[in-house]
Amino acid sequence: MMKPKALLFVIGTTFFASGVFAGPLDINSATAVNLSDNIQGVGPKLAQAIVDYREENGPFLSVEALMDVKGVGPTILEENLDILLIRGLVDEKESVEATN
């Protein structure tokens, strides 16, 4: 029988490896590997399409703009909203909120 501490370690590392506890992901700086490893529903091919789109059209101005990439729909966006961000927009928003 497995000891409780060992069991918690196994459960914790499984969740961490599966991306359940993934941290924020800046869609304007993430590599294709980062995108495919961290966004549910995005594999290597779609992740590369996101990077290609970003390189051809410039940075995403909102997280929702990801849906402009063929293959990214509302389901993928909704499942990942809690980890997706655009670093510059978050910094701006925090700075505006701090001055109010």
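A short tour of the structure in this document, coming up. A quick note: this is a predicted structure, and the numbers were derived from the prediction, not measured. All residue numbers refer to position in the chain's written sequence, counted from 1. Local features in this predicted model are restricted to residues of pLDDT 70 or higher, and side-chain atom pairs are both shown and tallied only at a pLDDT of 80 or more, whereas totals for entire chains, interfaces and linings draw on every residue. As a convention, hydrogens and water are excluded, and side-chain values are obtained from all of the structure's heavy atoms.

Describing the environment of Phe 60
Here is step 1: Relative to the elements of secondary structure, Phe 60 occurs in the loop between α3 (44-57) and α4 (74-80).
Here is step 2: For every residue, the accessible area obtained with a 1.4 Å probe (protein chains only) is divided by the maximum for its type, and the residue is called buried under 20%, exposed over 50%, and partly exposed between those limits. Looking at Phe 60, the relative accessible area reads 4%, which means it is buried.
Here is step 3: Sequence separation between Phe 60 and Ile 27 is 33 residues; the distance between their C-alpha atoms is 7.4 Å.
Here is step 4: Should any heavy atoms of two residues lie within 4.5 Å, those residues are counted as being in contact. Apart from the residues lying within four places of it in its own chain, the contact partners of Phe 60 are Ile 27, Asn 28, Ile 50, Tyr 53, Arg 54, Ala 65, Leu 66, Val 69 and Ile 86. Numbering goes from the N terminus for both helices and strands, where a helix is a DSSP run of H or I of at least four residues and a strand is a run of E of at least two.

Some thoughts on α3
Here is step 1: In this model α3 runs 20 Å from its N-terminal to its C-terminal C-alpha over 14 residues, within 8% of the 20 Å that 1.5 Å per residue would give.
Here is step 2: The complete set of buried residues in α3 reads Leu 46, Ala 47, Ile 50, Val 51 and Arg 54. Around the axis of α3, the buried residues are gathered within 145° of arc, so they sit on the same side. For α3, exposure combined with an orientation more than 90 degrees from the buried face picks out Pro 44, Lys 45, Glu 55 and Glu 56.
Here is step 3: The inward-facing, buried residues of α3 contact α2 (32-38) and α4.
Here is step 4: Two residues or fewer past α3, Gly 58 is found with a positive phi of approximately 90°. By definition here, a helix of n residues has an expected span of 1.5 Å times n minus one. Arc, as used here, means the arc of the directions from the helix axis to the C-beta atoms.

Geometry only, nothing functional implied.
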